[in-house]
Amino acid sequence: MGPILELTLALLAAVGVLCLGWVLFGKLLTPMGELGAPLTVLVKGEGDGSGLEHTISALVWLRGKDFAGCPVLLVDAGLDAEGRQVAERLCRRWPAIEICRPEDLPGRLE
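Residues numbered from 1 in each chain as written. Predicted model: local features only at pLDDT ≥ 70, side-chain atom pairs only at ≥ 80, totals over all residues. Heavy atoms only, no water.

J.: How should the overall build of the chain be read in this particular structure?
T.: Each helix and strand in the chain was counted, giving 4 helices and 3 strands. Each helix (α) and strand (β) of the chain, taken in turn from the N terminus, gives the series α-β-α-β-α-β-α. The burial tally for the chain puts 26% of its 110 residues in the buried class. Expressed as a percentage of contacts within the chain between residues at least 6 apart in sequence, the contacts between residues at least 24 apart total 71%. Surface accessibility of the chain: about 7700 Å² in total, with carbon and sulfur atoms responsible for 64%. (Helix = DSSP H or I, 4+ residues; strand = E, 2+ residues; numbered from the N terminus. Buried < 20%, exposed > 50% of the residue type's maximum accessible area, 1.4 Å probe, protein only. Contact = heavy atoms within 4.5 Å. Areas by Shrake-Rupley, 256 points an atom, 1.4 Å probe, with all protein chains shown as cover.)

This is how it looks when you write it as structure tokens:
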């Protein structure tokens, strides 16, 4: 084989090993809801709901990649009208997300 072909094959092999390592390392560091103890994620929403969309979309990404198969509860801990709209919009976009009040938590977590 020519030196260019050998270099190309070596580079492709190195990239493949790096990608495999990246995936395995990611699986080790992210929570696995099905393998461990039952896991429920509580997201506390306050005020205008700033940061809710980022947090919820990150959790949905984890669920979609099978890194975390856990239910997500968005706890209304004082959301104003704007924050409530943000929370409702997120629940419409992703039906796996549920809104609850703090006093409803004991019944939801049993």
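J.: What's the story with the sheet that holds strand E1 (residues 41-47) in this structure? I'm lost.
T.: Backbone-to-backbone hydrogen bonds join strands into a sheet, with any given pair of strands oriented parallel or antiparallel. Reading across from one edge, E1-E2-E3 is the order of the 3 strands in this open sheet, with parallel pairing throughout. Two strands lie at the open edges of the sheet, namely E1 and strand E3 (97-100), each paired on one side alone. Neighbour to neighbour, the strand axes of the sheet diverge by 30° on average, direction disregarded. This element, helix H2 (residues 52-64), spans E1, strand E2 (72-79) and E3 of the sheet and lies at about 165° to E1. (Pairing = 2+ DSSP bridges. Axes fitted to C-alpha atoms, helices over the stretch in contact; angles between N-to-C directions.)

J.: I keep staring at H2 and nothing clicks. Help me out?
T.: What sets the pattern is the α-helix's 3.6 residues per turn: residues three or four places apart point alike. When the terminal C-alpha atoms of H2 are compared, their 18 Å separation across 13 residues agrees well with the 18 Å that a helix rising 1.5 Å per residue should span. When H2 is considered as a whole, its buried residues turn out to be Leu 52, Ile 56, Leu 59, Val 60 and Leu 62. The buried residues of H2 occupy an angular sector of 155° when projected down its axis, which confines them to one face. More than 90 degrees from the buried face of H2, the exposed residues found are His 54 and Gly 64. Packed against the buried residues of H2 are E1, E2, helix H3 (81-93) and E3. (Expected span 1.5 Å × (residues − 1). Arc of directions from axis to C-beta.)

J.: What should I look at first to understand the pattern of salt bridges in this one?
T.: Side-chain pairs of opposite charge can arise where the charged atoms are in close proximity. With the rule as written, the count across this model stands at 7 salt bridges. For Arg 101, the salt bridge goes to Glu 103, with nearest N and O atoms at 2.9 Å. Taking the shortest distance from any N to any O, the salt bridge between Arg 101 and Asp 104 comes out at 3.3 Å. Taken together, the shared-partner salt bridges in this structure form one network comprising Glu 53, Arg 89 and Arg 93. (Salt bridge = Lys/Arg side-chain N within 4 Å of Asp/Glu carboxyl O.)

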